[in-house]
Amino acid sequence: MRTIQKIHRAGYSPIADLITYSPLPSRTLDQVDPFLFLNHHGPQVYKPRNNGLPFGPHPHRGMETVTFILDGDIMHKDSGGHESVITAGGVQWMTAGRGLIHAEVSSQEFKQNGGPLEILQLWVNLPARLKMTEPRYIGLQKEDIPSLTLDGGKVTVNLISGEWEGQKAAFETLSDVALNTIFFQPGGQLTIPVPAAHNVFFYIIRGQLTVGGQTIDALNLVEFNHDGDALHIQAGPTDSVLLFGHARPFNEPVVAQGPFVMNTEEEIHQAYDDYRHGKFGQWQH
């Protein structure tokens, strides 16, 4: 079994009236290659006639955004012509590639009626050979995402990307990245095989989990050593939720500035230049 290298507490950094925790990057951890960035919004309850999510039109290049909707909804629109409203239990996967402008706001219905909201967004790097790939977007509702029920019903694994014991996940990905949301009832247990060469992404969204001989609370990201090919997880006395992933690290230089993630400073300057010159597509109001 893998052992723990370090536990990183998510920082609290609200955005306007949106509760936000930022586990990655942090003062103690830059990235878990190829996982670059995670924001955890909520949990909170919005009143009726609210302004919803504040993420108006903005560009991206060189990476992918994966958005997990635990509660509430998110309305996606981008310069590639994609538009959707994804509700609780759904996931969006956007490959920015060579460049895209997108907005992520709440639906009119959510702004009118309010309700609970909890959303996580993870940025996954693209390898140098795919930085300038064609942009794409897929949004799937809860019922479109396969899940496995394990440990006598105490553990539910949502198969977002990669494979789980030969079963294909919901999203076909450009790079070999496995992602799951895992829901534990009290006392639920799970052993997950992970190739020894892979980096593990392990963020506790809710509850309390014991892994690597340590009991860890929500809002912590756990960094593991490369000293085993499996993890054993046991849930505490309450329901727990885990965002779990693993991937072979790219081991490439990462230059991130604002919404762009490239390999060199020159490529960042080029991204800003291309954006100013309208090469990310036209934003349709």
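- If you check an unreviewed UniProt entry, the chain appears there as Pirin family protein from Hymenobacter cellulosivorans.
- Recorded in UniProt for the chain, the comment headed Sequence similarities (unreviewed entry) runs: "Belongs to the pirin family."

1. A short note on the UniProt feature "domain: Pirin C-terminal" (unreviewed entry) in the chain
Right, so step 1: Look at the UniProt record and you will see "domain: Pirin C-terminal" (unreviewed entry) annotated at residues 184–281.
Right, so step 2: The annotated region residues 184–281 carries 12% helix and 48% strand content, and the separation between its end C-alpha atoms amounts to 42 Å.

2. Describing the nonpolar core
Nonpolar side chains tend toward joint burial in soluble globular proteins.
Right, so step 1: Counting 55 residues, the largest nonpolar core has Phe68, Ile182, Phe201, Phe202 and Tyr203 as the members making the most contacts within it.
Right, so step 2: Counting residues per element, this core draws most heavily on strand S19 (residues 199–206), which supplies six residues.
Right, so step 3: Every residue in contact with Phe201, bar those within four places of it in the chain, is listed here: Leu24, Val32, Phe35, Leu38, Leu122, Leu221, Leu243, Phe244 and Gly245.
Right, so step 4: Counting residues in hydrophobic clusters, the runner-up holds 17 residues, among them Met63, Leu117, Ile119 and Tyr137.

3. Quick look at the packing of aromatic side chains
Right, so step 1: For the coordinates displayed, the defined rule picks out 10 aromatic pairs.
Right, so step 2: Note on Phe202 and Phe244: the rings are 6.5 Å apart at their centroids and 90° apart in plane angle, and the pair reads as edge-to-face. Residue Phe202 is found in strand S19, and its partner Phe244 is found in strand S24 (residues 240–247); the two are separated by 42 residues along the sequence.

4. Re the sheet that holds strand S10 (residues 100–105)
Right, so step 1: The antiparallel open sheet is built from four strands, whose spatial order is S5-S10-S7-S8. On the outer flanks of this sheet lie strand S5 (55–60) and strand S8 (83–87), each paired with one strand and no other. When the angles between neighbouring strand axes are averaged without regard to direction, this sheet yields 20°.
Right, so step 2: Across four bridges, strand S7 (residues 73–78) lies against S10 in antiparallel orientation. Bridge pairing in S10 links Lys77 to Ala103.

5. Overview of the pattern of salt bridges
Right, so step 1: Per the stated rule, a full pass over the model turns up seven salt bridges.
Right, so step 2: Two residues, Arg61 and Asp274, come together in a salt bridge whose shortest N-O distance is 3.0 Å. Taken together, the positions of Arg61 in the loop between S5 and strand S6 (63–71) and Asp274 in helix H2 (residues 265–276) put the pair 213 residues apart, joining distant regions of the chain. Asp274 carries the same exposure label as Arg61, and that label is buried.
Right, so step 3: Measuring nitrogen to oxygen at the nearest pair gives 3.0 Å for the salt bridge that ties Arg98 to Glu134. On the criterion of sequence distance, the pair formed by Arg98 in the loop between strand S9 (91–95) and S10 and Glu134 in the loop between strand S11 (115–125) and strand S12 (136–140) is long-range, its members being 36 residues apart.
Right, so step 4: Assessed through its relative accessible area of 29%, Arg98 is described here as partly exposed.
Right, so step 5: Each of Arg61, Asp274 and Lys279 takes part in one network of salt bridges that share partners.

Procedures and definitions
Residues numbered from 1 in each chain as written. Predicted model: local features only at pLDDT ≥ 70, side-chain atom pairs only at ≥ 80, totals over all residues. Heavy atoms only, no water. UniProt positions renumbered as here; feature names shortened; annotations may be inferred. Helix = DSSP H or I, 4+ residues; strand = E, 2+ residues; numbered from the N terminus. Core = buried A, V, L, I, M, F, W, Y, C linked by side-chain atoms within 4.5 Å. Buried < 20%, exposed > 50% of the residue type's maximum accessible area, 1.4 Å probe, protein only. Contact = heavy atoms within 4.5 Å. Phe/Tyr/Trp six-rings, centres within 6.5 Å; stacked < 30°, edge-to-face > 60°. Pairing = 2+ DSSP bridges. Axes fitted to C-alpha atoms, helices over the stretch in contact; angles between N-to-C directions. Salt bridge = Lys/Arg side-chain N within 4 Å of Asp/Glu carboxyl O.

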